[in-house]
Structures are given as structure tokens and as C-alpha cells.
Amino acid sequence: MNRKRTFLFGLLASLSVFTSGCWSERQLNEIAMVAAIGIDRTEAGQYEASYQFFNPANIAGGLQGGGGGQSPPVSVYTATGDTIMEVHGNMSRKISREPYYSHTNLVVVSEELAQKDGIGPVLEAFDRGSQFRVTTAVVIAREVKAKDLITTLTALDKVPSQKIMQTLESTEKAMGENINIDLEEIITALVSPGREPMISGFTVKGDPKEGAKQESLQATDLPMTVEANGNAIFKNGKLAGWIDGADARAVLWILDRIQSTTVTTEWEGRKDGISYRLARQKTNVSAEMKNGKPHISVHVHMEGDIGEVIVPVNLKDPKTLEKIERDVGEEVKRNIESSLHYTQKIKADIFGFGEVFHRDEPAEWKKIEKKWEDEIFPNLDVDVTVESYIRRTGLRNNSYLSEMKNK
Amino acid sequence: MSPFFKGKKNADQNKPVDPMPGAITSSLQDNLAWVKQKFGNSPDIIIRELKIGSSKVKAAVIYVQGLVDNQLLNDFLIESLMQYDSSSQDETRTQMLDNLSDLVIPMGGVKEETEWSKLFESLLVGATLIIIDGTDKALTVASTQGGESRSISEPTTQNVIRGSRESFTENLSTNISMVRRIIRTPDLWVESMKIGTQTNTNVSIMYLNNVVDHDVVKEVKKRLKRIKIDSILESGYIEQLIEDQPASPFPQIYHTERPDVIAGNLLEGRVAIFVNGTPFVLLVPVVFIQFFQTPDDYYFRFDIASATRLLRIFIFFISLIGPAAYIAATTYHQEMIPTHLLLIIAAQRESVPFPAVIEALIMELAFEVLREAGLRLPKAIGSTVSIVGGLVIGQAAVQAGIVSPPMVIVVAITAIASFATPSFAVAISVRLLRFAFMGLAAAFGFFGIIVGLIMLTVHLCGLRSFGVPYMAPLGPYRPVESGDTVIRAPWWAAKKRPGLFSPNNVKREAGSQMPAPPQPRTIKSESTEKGNQNES
């Protein structure tokens, strides 16, 4: 009896293997892997989404990819719809395979769409879908269509989306003037009452029509380039302005995201006479109530080396070094205050001061939460202190420039 | 042949062998006739008739050609029989037989027998019978045993880099003596029995009396006695007839052809089962982790031994779920593969006409066919197979676009991994299970693999080998004994024998055995001081 029961159980168990029919199975040659999605706004107010699909054979090369050099590494298909899901549906009319989003690492939203409709509704489907990763990077197409960023081919990195992502990563690391922010961070910032998101902008220099052709890659100096270009500031989910250069770096400084950068300072009347290469920094932001008013303190501690001097400086003198340290600190402080001034005008708290205040003074926050963005943040007292140190002067003490002058 | 359907019970009754006159008679003529009839006049049964002594008593020497040592037989037995001259003329035939046994035959193992069954039995293991006319007794001389047998050679299945180079032979007594030479203590006990109604195979069990768990010995004997079968041709017969769970794909009895492995395991309290006619000796009880141990582990330093032990466990998992993981990842969980790697795999798979699981099955089957062919072929042709196979599997299949290169890599790694498993017994069970895992991966993805692994773990934890849990000392966790599992503890730390096998005698070594430099570390410096100072 027992034997019979075991046999029946085994039979049923094996049936479950054979009858389930591999329902969620996807063979690799039945899916189209989406590399990036660019979303524009049509005249009618619909979404126009451009999907950048990988062409595996043209990227991987190898035995089968004999003609790899001739055809482009990605193909772009565009579909429209009122919602992202509708776009997804319409896309199936144009391509033979099922779009697969797990390896999508970039979403481009056009400036126009971000201004008019806001970024919130666009991202919902991506946040909800199980295939989509919340670590996907998001950028704003500045002064061009999102589709242009998607279609432009790039050198070095064969896949344009990867080029954009890696550019973003490396420029944030090297200069700190662009923020590399992913889907999840954006959504967190969107829902937080004490913070607004800041998203990097990208643009195409040159003719995007040319850039979409494989032949354009034959030149050493490409006719068009995809570049990081400023950061978009959002207010209430809508694009409210752009912040560039040193001002943008100051924002990242307050957010404590700066890993390395170069600060230049004037020396003996010569603009940018000394370049200070940041090695490490730590920024603390704290909040308190002062005289019944919210007060934010930003404290920057930075260490670095002398990167370049273009005027003769006596770097052997500790007093000189102290002065450079002070000057560099003041330069950073000026940057921070300038960017504060700008964002206070736009009334967008991209620094997350509200969140800091919420953490440090939870009881007071309850009272002012509602009027933070529009009344309190624009008139906020922010106290910036910068502590800067020079640890090394590179391989040299005094520059050879000093000796040239003595001659 | 599973008796799943009831009512088909085989009538399995031993047919009584044809009647035999129970004992030897006093007529030599009748006796010899009976022997001839019984053996059907087989020409290799040699009956040498001779006359003994001055009274010319008729006698016969009977032996089986090839089973006896001819030189021994001629020089000592027959010659001394012929030179025998009885001192007293009136000795009876029975006295004569006694005299032969006591005074004449210069050999050991002489015994008087009357029963035909006993006589035939000893005749067939190489003893010589001496029958004298007029007595109803016969002499058996057991020590004439001999004949051709393979000499001790290097092991073919369990090669070591360091360690003894000898392996067992087909001869039971040689095998037992090889272990005796390693463990020289009277506590090494051997018990013998015959199994097989036709083959009458000698089977011996060996254990260390002061270490072994006597319940296990009792159980081994009980299971061996239960066997009623016509033949035992190899220890595999015994293995399959006494194992605990015949439905399990995992071996529950260890086999080896190395005397040092047997010695090491006897010292841990296991029982060895020797079977005549095979160099493979069985060991019970076993635990799963034993199949990942090699003799080298104990001869090399413990850190290296532990590292290779870990590697083997890793290898076990590769050979078990290698292709399954590839199938699952490429058909269900593409998000798990790094983007660029996925693109490479996708590019290669673009032109492959089959789903990944079919592709894997084709490659695995092709490999199994090649392996099987390689095993059976003579060495000279073997290399041809590997060249052709390498071309078919590696080159042509990929160029034809029937399989993708990543699949070739996966199958090749898996194949090599399965060869790297030290125990062939586990390697073949894993080979079988690999296909089951591939099926599960194809139907359910990683979910299926995990379910399969859970079922496998449950099954392994449920197994027993002669009362010892199969996964011990990991399954029921026994910290003291886990020094010889995934890692191999240094010898100076292995103070106890595994209590699972030798509950009575667990102490293995004295207190602090850890080596250390001499405390005043002066030996070296003194010698350098005295040494030649003029070097500069």
C-alpha cells in the first residue's frame, strides 16, 4: 500500500514538472533587451517613448557577430500612448520580441515633459513593474529631445545608454558638478516634504540626425557628442530651473556627495592662480531653532593637495599654505552661498534641509512642515563654515616657475 | 524488477542439490568413481593414483589444476608420500592415515575429513585430498593452495601523490595480510564466511576489536548471513544486498582498493568486508563526507588538505547544478546575469535553434556517450575517440550553430568537475541527479533547483548507514567530530576518534601534541656563532 502511495506521489510530482509547461520561460532569443528609454511629449500631450534595444550580436562580436562593425549596436523604436503601459502595448506592434526591462539602466525624460507634466506620473510604471530596476539612472534631456539622446551613437562605449550612465558616474566622481541619481532616490525626494530632487541634464552637441548613423562613428572627432550639462531643479515634481558649474557642485557638497574635485583660487591678483585638488571631505548639516526661527548649519571639512600653481608661490612657507587653505575654504563657502541664494529664489529645497530639520527638531517640524517650501526655505538662515587643509603639495615644493622668475 | 504489483511473488526456493553419498567409503575405487561422476570427468580435476609404502597400499591424490601450487605439491606432498616406508608392517589403514598426517606430510593445514561436502569444498579452494584404500577417511592438505594470481600493483582508481603505492589484489588472503602488515595488533580480528550457493565465495569481515562498535559488527554479520544467492562475483553484489536504502542514488557503503584507507578506517572503528576475487574492499558504516576524503588529505599538511577538501565540496555542487543553473539563469532569470555577459550569451544564442534545456541535454548526452565509449575502448583507440569527440562537441557543434559556445563551456566545466570528485560512486550518482536538476531548472527555474536541493538535503539527512546518520557529523551536528568534514583538523588537534563509530574507545592521542620550537631558542644561534666567521 505504502509503495503504491509513494509511486502515486512520485507520479503527481513528476506531472507537475511536465504539465506546468514552463509558463514563465523566456528564451534569450525571444526577448528584446531594452537598454534605455527616452520619453518625450507630443504636441497632443501624449507620451512618445523611444526604446533603445540592444543588438547583442553587434555588441558581443565573437563567432556569430561577423558583421559586427557594420550594423549599429542598438536599434531604436518609438511608440506613443497616453500611459507608459499603453506605449508598451503599442511597441508590440513594431517589434517581433517581447521588451525586457531588467537590464534597462537609463531613463531619459525630455525637458519639455518635465516642465509641463512633471516627472512624477512618468516614473510610476517603472517603479511598479517587477522587471524594472529602481537603481536605473534618470537624466533630463536639456535643449534636445529625449529621443536624440537615445539615438545618438557613441564611440568607446558601444551602447549609448551605457556611455551616458558611465559619464554620469565618472563626472560626479571627478568634478562633482553633476548628480548621479537613480529612480528610487528621485521618488524618495519627490514624496519627501523636506526635499526636492535634482536630476542631471544631458545634451547632444552637433546634429542628432547625423549622430544616429553608424557612419558618424568613422570619424575620430565625432560630429556629435553626448555631454553632461547642468542639473535640473524640480519643484513640486516639475522642472523649475537649471543649476550649473560651481553652483551645482555646491549642492552636491551640501548633500555630502563630493568625492573629488578641483577648487581654484585667486593668488596675487591672478585669477585661478592656485588649483586645490580635493582628496576627501565630510559635510555635516544640522538644524536647530534659533530665536524662534529655523536655522541650518553647514560644516565642511576638507583635505586635499596642491594640484597646480600657475604663479610663483613659496609653498615651503607654512604661512603661505595657511593662507591658501583659508582662501580655498572661502571659495567653497562663496560657492555654497551662491547656490543657496539661487535655489532660495526658485523656492526648491534640493539640499534636503527640510529633512535635516525634521530629524533634528521633529516637534518643531510638525508646525512648519506645510509652509517650509514656500515661506521658510526661501528666507532660511544658513550658517556655512568651511575647514580646509592642505596635506601635500604633490611631488614638488616650489614650482620651477619660481626659478624661472629669478633668472 | 520492482515487485510493485502484488500477487506476483516469485517462488524463490532453493532446489535441493542431487543426493550425494554423505561420507567417504572405504573403497578407493568407489570414491574415485564418485569424484569423477560428481565433476563430470572434468579434465582439470587431477587424480594421481599411487601406491604407498612397502605394503603398496593403493592411494590417490586429488587436486584441481591451477588452484594448487604445483611445485609445492610435487616436491613436498607427492614425493614424501612416495618415500614413505611404514616401520611396522601391520599398521592398519587408519593408523597409516594418521601417520601420514603426523609424520610424513611436511606441510601445514592437514586435516582429516569424512564428509564429501567438506572435501569438495576444500578441494575447490585449492586443497589437496589424499584418499587411501580401505579407510573411510581422507586427508585434506589446505596449504597446497596456490596457482596463478595477480601480484600487488599500484591502485588504478585512487591515486595519491603521497602515500603507499600498493593496492589490493583479487586474492582474499593476500588482501587481509596487507592490512595486517599495517595494523600490527592482536586486536585486529577477522571473521570468515562463505556466501553464494554456487560460487561459495569467501567473505571476511575485519575490525579492530577494541575500537569497533560491536552492535555494528553484529548487524554486519546478520546482514551478510541473510544473503541467499547463487553467486557473489564482486563486492558490488554484497554492497547491493546489505545497504540500508536501495532506492537512494547515493552509495551507502564505501569501497576502496587501498590498504591504507582500510587501515585508517578500521582505526576509526569501521568494519571492512573483504570479498574473494575483487580488489575492492567494502567499508561500513559510512557518512556522506567520507566520499570527499582522499588518503592524501591525511598525509598532507592540514591547511592544504582543508583547502582541497573545500574545493571538492564546491566541485560537487558544480557538477550537480552547473548546467541546471545555466538553464535557469538564461531562461527565467536573465536579470541575474550582468548586462554585458548576458549580451555575449544572447549574441551566441541568437542563431541556436533549440531552447537552452534541449541544447544542454544534447551536449550532456553527447558527453556521456563519449565518456562511455572512452571507458570501454582499448587504450589505443581511446585517443581517437577523444579527438573526434572534442571536434564534435567543441568545434563543429558550435560552428554549425547547433549549440552556443557558453553551453560548451558550462558542459565542459561540469564534466571536468565530475571527474574531480574523488569518489566515483558519488560522481555517478551526481551524474544521474544532474539530469533531474536540469529538468527542474527547465520547468521552474531557480525555484525548481532550490526545491530539488531541499529534497536532496532531506533525503540525505534521512539516510542511515548501519545505524549511523548519513550526514553525520554535520546532520546531527557533533562538534567534536566535525574536525574531519569540510575542513581537516591538524593531527595534533584530532584527539578523539569519531564517537559515532567507536563509542567505547574514543581517545586517539595523548594530551598536547602540538609541535613547538624549543623554548630557549638558542640552537640556531649557537651554531652560527661557532660557524665560520670569515665569510666576509
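In this text the structure is predicted, and so the values were computed from the model without any measurement. (Residues numbered from 1 in each chain as written. Chains lettered and ligands numbered in written order. Predicted model: local features only at pLDDT ≥ 70, side-chain atom pairs only at ≥ 80, totals over all residues.)

**Remarks on the overall build of chain B**
- A tally of regular secondary structure across chain B gives 17 helices and 12 strands.
- Relative to its length of 536 residues, chain B is extended, with a C-alpha radius of gyration of 31 Å against a globular reference of 24 Å.
- Reported as C-alpha extents along the three principal axes, the dimensions of chain B are approximately 105 × 80 × 50 Å.
- Residue burial in chain B is summarised as follows: out of 536 residues, 35% are buried.
- Intrachain contacts of chain B at a sequence separation of at least 6 include 67% that bridge at least 24 residues. (Helix = DSSP H or I, 4+ residues; strand = E, 2+ residues; numbered from the N terminus. Rg over C-alpha atoms; globule rule 2.2 N^0.38 Å. Buried ≥ 20, exposed ≤ 12 C-beta atoms within 10 Å, placed from the backbone. Contact = placed C-beta atoms within 7 Å.)

**Some details on the overall build of chain A**
- In terms of regular secondary structure, chain A is built from 15 helices and 13 strands.
- Once the C-alpha set of chain A is aligned to its principal axes, its extents read approximately 95 × 60 × 60 Å.
- With 407 residues in all, chain A has 41% of them scored as buried.
- Expressed as a percentage of contacts within chain A between residues at least 6 apart in sequence, the contacts between residues at least 24 apart total 72%.

**What about the confidence of the model for chain A?**
- Confidence in the prediction of chain A, expressed as mean pLDDT, is 88, and 96% of residues score 70 or more.
- In this model residues 63–68 of chain A is a low-confidence stretch, pLDDT under 50, and it forms 14 contacts with partners more than four residues away in sequence or in other chains. (pLDDT = per-residue confidence, 0-100.)

**Considering the domain arrangement of chain A**
All names here are of chain A.
- If you check the domain split of chain A, you get domain 1 (28–243) and domain 2 (247–407).
- Each of domain 1 and domain 2 has a C-alpha centre, and these two points are 32 Å apart.
- Listing elements by their share of the side of domain 1 that touches domain 2, those giving two or more residues are α7 (160–174), β8 (225–235) and β9 (238–243).
- A total of five residues in the side of domain 1 that touches domain 2 trace back to one element, the largest contributor, which is β8. (Domains from an automatic or database assignment.)

**Things to note about the sheet that holds strand β10 (residues 281–284) of chain B**
Residues and elements named next belong to chain B.
- Read from one edge of the open sheet, five strands run β6-β7-β9-β10-β8, paired in antiparallel fashion. Each edge of the open sheet carries a strand with a single partner, namely β6 (188–195) and β8 (254–256). When strand polarity is set aside, the average angle formed by the axes of neighbouring strands in this sheet is 25 degrees. (Pairing = 2+ DSSP bridges. Axes fitted to C-alpha atoms, helices over the stretch in contact; angles between N-to-C directions.)

**Re the environment of A125 of chain A**
All names here are of chain A.
- Within the secondary structure, A125 sits in helix α5 (residues 120–128).
- Each C-alpha atom, one on A125 and one on D360, is 34 Å from the other, the two residues being 235 residues apart in sequence.
- Setting aside anything within four residues of it in sequence, one finds A125 in contact with I84 and M85.

**Overview of the interface of chain B and chain A**
- Tallying the contact residues gives 25 residues for chain B and 24 residues for chain A.
- For the side of chain B that touches chain A, the secondary structure elements donating two or more residues are α10 (302–331), α11 (339–349) and α15 (424–444) of chain B.
- Tallied by class, the residues present in the side of chain B that touches chain A amount to 15 nonpolar, seven polar and three charged. (Nonpolar A, V, L, I, M, F, W, Y, C, P; charged D, E, K, R; others polar.)

**Details of the packing of α15 of chain B against helix α16 (residues 446–462) of chain B**
All names here are of chain B.
- Where α15 contacts α16, the axes come no closer than 6 Å and their chain directions differ by 140 degrees. Relative to α16, the element α15 lies oblique. Judged by residue contacts, A436, F437, L440, A441, A443 and F444 of α15 engage F447, G448, I449, V451 and G452 from α16.
- Within the contact of α15 with α16, the residues separate by chemical class into nine nonpolar, two polar and no charged. (Parallel < 35°, antiparallel > 145°, perpendicular 65-115°, else oblique.)

**Here we look at the pairing of strand β2 (residues 57–64) of chain B**
All names here are of chain B.
- With six of eight residues buried, β2 is to be regarded as a mostly interior element.
- As defined by bridge partners, strand β1 (residues 45–52) adjoins β2 across eight bridges and the pair is classed as antiparallel. Following the sheet pairing, I46 is matched in β2 by Y63.
- Pairing of β2 with strand β4 (residues 128–132) involves four bridges; the strand directions are antiparallel. Directly across from A59, in β4, lies its bridge partner I132.

**Looking at the confidence of the model for chain B**
All names here are of chain B.
- On average, residues of chain B score 85 in pLDDT, and 92% of them reach the 70 mark or higher.
- Averaged pLDDT values for the elements of chain B fall to 54 in helix α17 (residues 523–530) and rise to 95 in strand β9 (residues 271–275).
- Scored below 50 in pLDDT, residues 5–18 makes three contacts in the model with residues more than four places away or belonging to other chains.
- Predicted as a complex, the structure gets a pTM of 0.84 and an ipTM equal to 0.85.

**Quick look at the nonpolar core**
- Counting residues in hydrophobic clusters, the biggest one holds 107 residues, and the most contacted among them are V34, I39, V108, V109, V139, L149 and V251 of chain A.
- In contact with V251 of chain A, other than residues within four places in its own chain, are M198, I243, S339, I350 and F351 of chain A.
- Grouped together as the second largest cluster of nonpolar side chains are 79 residues, I238, A272, A417 and A472 of chain B included. (Core = buried A, V, L, I, M, F, W, Y, C linked by C-beta atoms within 7 Å.)

**Things to note about helix α1 (residues 2–19) of chain A**
- Its 18 residues give α1 of chain A an end-to-end C-alpha distance of 25 Å, which sits within 8% of 26 Å, the value for a rise of 1.5 Å per residue.
- Little of α1 of chain A sits out of view: just zero of its 18 residues are buried. (Expected span 1.5 Å × (residues − 1).)

**What to know about the sheet that holds strand β12 (residues 293–309) of chain A**
All names here are of chain A.
- Spatially, β10-β11-β12-β13 is the arrangement adopted by the four strands of the open sheet, whose pairing is mixed. Two strands bound the open sheet, and with one partner strand each, they are β10 (262–267) and β13 (381–392). For this sheet the average axis-to-axis angle between neighbouring strands, irrespective of direction, equals 35 degrees.
- The pairing of β10 with strand β11 (residues 270–290) spans five bridges and is classified as antiparallel. Bridge assignment links V263 to a residue of β11, and that residue is Y276.
- Along the sheet face, helix α11 (residues 318–346) touches β10, β11, β12 and β13 and points at about 145 degrees away from the line of β13.
- Sitting on the sheet, helix α12 (residues 353–360) touches β11 and β12, and the angle it makes with β11 is about 40 degrees.

**Concerning unusual backbone geometry**
Residue and element names in this part refer to chain B.
- A cis geometry characterises the amide bond from V284 onward to P285, with omega recorded as -15 degrees.
- In this fold, P285 is placed in the loop between β10 and α9 (295–299).
- Cis geometry is found at the peptide bond from A472 to P473, where omega equals 0 degrees.
- Its identity as a non-glycine residue notwithstanding, F466 has a phi of 50 degrees, on the positive side.
- Mapping F466 onto the fold places it in the loop between β11 (464–465) and β12 (468–469).
- The exposure class of F466 is buried, given the 22 C-beta atoms found within 10 Å.

**Some details on the environment of P378 of chain A**
Residue and element names in this part refer to chain A.
- Looking at the secondary structure, you find P378 in the loop between α14 (372–376) and β13.
- A tally of 14 C-beta atoms within 10 Å means that P378 is categorised as partly exposed.
- Between the C-alpha atoms of P378 and S286, which are 92 residues apart in sequence, the distance is 17 Å.
- Residue contacts for P378: discarding those within four places in its chain leaves Q344 and K347.

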